[in-house]
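Given next are the chains, with one letter for each unit.
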Amino acid sequence: MSGYFITFEGGEGAGKTSILHAIYNKLKDSGYDVIMTREPGGINIAEKVRSIILDPNNTEMEGRTEALLYAAARRQHLVEKVAPALKQGKIILCDRFIDSSLAYQGHARGLGIDEVFTINQFAIKDCMPDLTLFFDIDPKKGLDRIAANKDRERNRLDLENLQFHQLVYEGYQILTERFPNRIQTINADQSMEAVEKAAFDRIISKLK
């Protein structure tokens with residue numbers, strides 16, 4: 001039996017991480033064999049790479065270096081955690097995956113979506129998500145949420161200006177058009193309960 005790989009995507013402040021945790025608990029309570037993880041991170045080596053990428057002090061990091069570090073962390077996370085779980089038939093909920101690199105480094109950093117996709121094809125081969133939920137919110141509203149949330153982890157990407165985050169959003173729009181069968185859009189500009197229900201319903205529909 002093969003598992004099911006679901007990724008959660010969106011700009012800063014979209015609320016995807018909170019929704020992922022809530023849906024994980026719902027699926028678990030419903031009897032599904034489910035695990036949750038994140039990128040970059042999820043396993044020891046990738047978490048160490050994460051600390052380098054997101055360190056606010058590393059402002060001199062060049063775009064290609066950033067893209068390669070994400071791809072390296074993704075590879076290790078895939079072979080050590082994702083692939084084995086899929087072979088065991090588990091449902092995987094992953095906070096970010098390849099689409100983040102395509103939107104952030106490919107489009108917003110100007111490296112090219114196709115170029116960054118090529119780097120990541122080397123890292124993941126043909127292991128693409130079965131379903132990707134894109135949590136759609138205006139970048140400024142997302143950043144306002146972050147500013148109001150004093151408990152949220154502050155990282156290097158939070159130092160970027162609004163224009164950068166608007167480019168990230170634009171990148172995600174391109175990806176939703178390019179992969180319409182895989183990426184489904186969730187309106188994240190509503191109550192957490194409404195967003196959670198919409199996301200949960202999409203997932204259950206796919207699993208059934």
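In what follows, the structure referred to is the one given above.
Analysis parameters
- Residues numbered from 1 in each chain as written.
- Predicted model: local features only at pLDDT ≥ 70, side-chain atom pairs only at ≥ 80, totals over all residues.
- Heavy atoms only, no water.
- Helix = DSSP H or I, 4+ residues; strand = E, 2+ residues; numbered from the N terminus.
- Rg over C-alpha atoms; globule rule 2.2 N^0.38 Å.
- Buried < 20%, exposed > 50% of the residue type's maximum accessible area, 1.4 Å probe, protein only.
- Contact = heavy atoms within 4.5 Å.
- Areas by Shrake-Rupley, 256 points an atom, 1.4 Å probe, with all protein chains shown as cover.
- Lys, Arg positive; Asp, Glu negative; His and termini not counted.
- Charge placed at Lys NZ, Arg CZ, Asp CG, Glu CD.
- Polar contact = N/O pair within 3.5 Å; in protein donor to acceptor, adjacent residues only side chain to side chain.
- Core = buried A, V, L, I, M, F, W, Y, C linked by side-chain atoms within 4.5 Å.
- Expected span 1.5 Å × (residues − 1).
- Arc of directions from axis to C-beta.
- Disulfide = S-S within 2.5 Å.
- Axes fitted to C-alpha atoms, helices over the stretch in contact; angles between N-to-C directions.
- Left-handed = near helix turned anticlockwise from the far one by under 90°.
- Nonpolar A, V, L, I, M, F, W, Y, C, P; charged D, E, K, R; others polar.

Draft legend 1. Geometry of the overall build of the chain. Each helix and strand counted, the chain has eight helices and five strands in total. In sequence order, the chain lays out its α and β elements as β-α-β-α-α-β-α-α-β-α-α-β-α. On C-alpha atoms alone, the chain measures out to a radius of gyration of 16 Å, which is about the 17 Å that the 2.2 N^0.38 rule sets for 208 residues. By principal-axis analysis of the C-alpha atoms, the chain measures approximately 45 × 35 × 35 Å. Taking all 208 residues of the chain together, the buried fraction comes to 50%. Long-range contacts, defined as pairs at least 24 residues apart, comprise 78% of the intrachain contacts of the chain with a sequence gap of at least 6. Of the roughly 10,100 Å² of accessible surface on the chain, a fraction of 50% belongs to carbon and sulfur atoms. Averaging the coordinates of the 28 positive side-chain charges in the chain and doing the same for the 30 negative ones gives two points 4 Å apart.

Draft legend 2. Structural view of the side chain of His165. Locating His165 in the fold gives a position in helix α7 (residues 162-178). His165 gets classed as buried once you look at its relative accessible area, which sits at 6%. At 3.3 Å, the side chain of His165 and the backbone oxygen of Leu157 are in polar contact. Setting aside residues no more than four positions away along its own chain, His165 makes contact with Glu12, Pro139, Leu143, Leu157 and Glu160.

Draft legend 3. Inspection of the nonpolar core at higher detail. Ranked by internal contacts, the top residues of the largest apolar core, which has 35 residues, are Phe5, Ile92, Tyr104, Val168, Tyr172 and Leu175. Elements that contribute at least two residues to this core include exactly α2 (44-53), α3 (63-87), β3 (91-95), α4 (98-108), α5 (113-124) and α7. Element by element, the count of residues in this core is highest for α3, at eight residues. For Tyr172, the contacting residues outside a window of four places in its chain are Glu9, Gly10, Gly11, Arg96, Asp99, Ser100, Ala103, Tyr104 and Phe134. In this structure, Ile23, Tyr24, Ile137 and Ala199 belong to the second largest nonpolar core, which totals 23 residues.

Draft legend 4. Examining the environment of Cys127 more closely. The topology assignment puts Cys127 in the loop between α5 and β4 (131-136). Cys127 sits in the buried class, given a relative accessible area of 15%. Here the alpha-carbon distance between Cys127 and Val82, two residues 45 residues apart in the chain, equals 9.4 Å. Beyond its immediate stretch of four places on either side in the chain, Cys127 contacts Phe5, Leu78, Leu86 and Phe97.

Draft legend 5. Region of the structure containing the side chain of Asn120. As for its position among the elements, Asn120 is in helix α5. Taking the relative accessible area as the measure of exposure, Asn120 reaches 0% and is therefore buried. Setting aside chain neighbours within four positions, we find Asn120 in contact with Ala71, Arg74, Ile98, Ser101 and Lys125.

Draft legend 6. Focus on helix α8 (residues 192-207). The end-to-end C-alpha distance of α8, which contains 16 residues, comes to 22 Å, matching closely the 22 Å that a straight helix rising 1.5 Å per residue would cover. Buried within α8 we find Val195, Glu196, Ala199, Phe200, Ile203 and Ile204. Taken down its axis, α8 places every buried residue within 155 degrees of arc, on the same side. Residues Lys197 and Ser205 are exposed on α8 and point more than 90 degrees away from its buried face. Elements in contact with the buried residues of α8: β1 (4-10), α1 (16-29), β4 and β5 (183-187).

Draft legend 7. Geometry of the state of the cysteines. Counted according to the given criterion, the structure contains zero disulfides. Here Cys94 stays free of any disulfide, with the sulfur of Cys127 as its closest cysteine sulfur at 9.9 Å. By relative accessible area, which is 0% here, Cys94 ends up buried.

Draft legend 8. Focus on the packing of α4 against α5. Contact geometry of α4 with α5 gives a least axis separation of 8 Å together with a crossing angle of 145 degrees. Considering only the axes of α4 and α5, their crossing is right-handed. Taken together, the residues of α5 that come into contact with α4 (itself represented by Ile98, Ser101, Leu102, Gln105, Gly106 and His107) are Ile113, Val116, Phe117, Asn120 and Ile124. Looking at the contact of α4 with α5 residue by residue, the classes come out as six nonpolar, five polar and no charged.

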